[in-house]
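Single-letter residue listing:
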Amino acid sequence: KNIYNKYMAATFYAKYNNYAESEKLYTEALTISPSNQEILISFGTMYLSKADYEKADEKFQLAFDLEKSNPKARLYLIASSNFKNDFNKAIGLLDGFSEVQVGYKYDSNIIESFILNKQNDLALSLIEKKCSASFDCSRDYMLLGRSFYNNKQFPEAEVYFNKAMSLNPSLRAEALRM
């Protein structure tokens, strides 16, 4: 009956892909504490792990609606929106980060989720803003280069690999393996 034990057990089961048991325990925990953002976010990440993007988005939206200033809830809602191909929603949510939370706006996982969904123009826009805000963006350029490389767009891949290496020469070996 202890909410913490249910939450921890659900998280454990999710980590080891026992989604049925995890879902059962998260549901029980939410029955005890329906407004618990941390449980909602963890429940949503479990759904992301099993590629159930609709249910993940539902949990993240509930967590976000409870406290819109929570950067973690916003971050995961952006990710689930990307996986659902709702890029307009994701972009709108990006603009909601406060000045203090600007680092979240340029989170590499967000950029990578745009790249994985073949939204390279959106990803590039974020990378350029991230660089101009003095954040390290070398890995992001590397991911973008890899995306172009995998799509056999070799001239574009070379441009972004070179940008990555100019910012971080230690990425040279990784780029050369392509």
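Predicted model, so just to flag it, every value in this text is computed and none were measured. (Residues numbered from 1 in each chain as written. Predicted model: local features only at pLDDT ≥ 70, side-chain atom pairs only at ≥ 80, totals over all residues. Heavy atoms only, no water.)

Colleague: Is there a simple way to think about unusual backbone geometry in this case?
Modeller: In most cases, non-glycine residues show a negative phi, while peptide bonds are predominantly trans. Positive phi is not limited to glycine here, since Lys118 has a value of about 60 degrees. With respect to the helices, strands and loops of the structure, Lys118 is situated in the loop between helix H8 (108-116) and helix H9 (120-132). In this structure Lys118 comes out as exposed when scored by relative accessible area, which is 58%. One non-glycine residue, Lys152, adopts positive backbone phi at about 60 degrees. Along the polypeptide, Lys152 turns up in the loop between helix H10 (138-150) and helix H11 (154-167). (Helix = DSSP H or I, 4+ residues; strand = E, 2+ residues; numbered from the N terminus. Buried < 20%, exposed > 50% of the residue type's maximum accessible area, 1.4 Å probe, protein only.)

Colleague: Got a minute to help me understand the packing of H8 against H10 in this structure?
Modeller: Two quantities define a packed helix pair, namely the angle between the helix axes and the distance between the axes. Viewed as axis vectors pointing N to C, H8 and H10 meet at an angle of 10 degrees, and their least axial separation amounts to 10 Å. With respect to H10, the element H8 is oriented roughly parallel. Seen from H8, the contacting residues are Ser108, Ile111, Glu112 and Ile115; seen from H10, they are Asp140, Leu143, Leu144 and Ser147. When grouped by side-chain class, the residues that make up the contact of H8 with H10 number 4 nonpolar, 2 polar and 2 charged. (Axes fitted to C-alpha atoms, helices over the stretch in contact; angles between N-to-C directions. Parallel < 35°, antiparallel > 145°, perpendicular 65-115°, else oblique. Contact = heavy atoms within 4.5 Å. Nonpolar A, V, L, I, M, F, W, Y, C, P; charged D, E, K, R; others polar.)

Colleague: I tried to follow the state of the cysteines on my own but got confused; where do I start?
Modeller: Between two cysteines, a covalent bond joining their sulfur atoms is known as a disulfide. Within the structure shown, the criterion is met by 1 disulfide. Here Cys131 connects covalently by a disulfide to Cys137, the sulfurs 1.6 Å from one another. Disulfide Cys131-Cys137: the torsion about the S-S bond is 95 degrees, which places it as right-handed. Its relative accessible area of 2% is what places Cys137 among the buried residues. (Disulfide = S-S within 2.5 Å.)

Colleague: What is the right way to read the environment of Phe148 from this model?
Modeller: Counting through the fold element by element, Phe148 comes out in helix H10. The sequence separation of Phe148 and Ala14 amounts to 134 residues, and the corresponding C-alpha distance is 33 Å. Leave out the neighbours within four places in its chain, and Phe148 touches Asn120, Gln153, Glu156, Ala157 and Tyr160.

Colleague: What is the right way to read the pattern of salt bridges from this model?
Modeller: If the charged atoms of two oppositely charged side chains come close together, the side chains can form a pair. Tallied over the full model, the rule gives 10 salt bridges. A salt bridge links Glu28 to Lys6; the nearest nitrogen and oxygen atoms lie 2.8 Å apart. Taken as a pair, Glu28 in helix H2 (residues 19-32) and Lys6 in helix H1 (residues 3-15) lie far apart in primary sequence, 22 residues in all. Among the residues examined, Lys6 registers a relative accessible area of 17% and is labelled buried. Salt-bridge contacts for Lys59 lead to Glu58; the nearest nitrogen and oxygen are separated by 3.8 Å. Of the residues examined, Lys59 reaches a relative accessible area of 13% and is grouped as buried. Put simply, Lys6, Glu21, Lys24 and Glu28 are held in one network by salt bridges that share partners. (Salt bridge = Lys/Arg side-chain N within 4 Å of Asp/Glu carboxyl O.)

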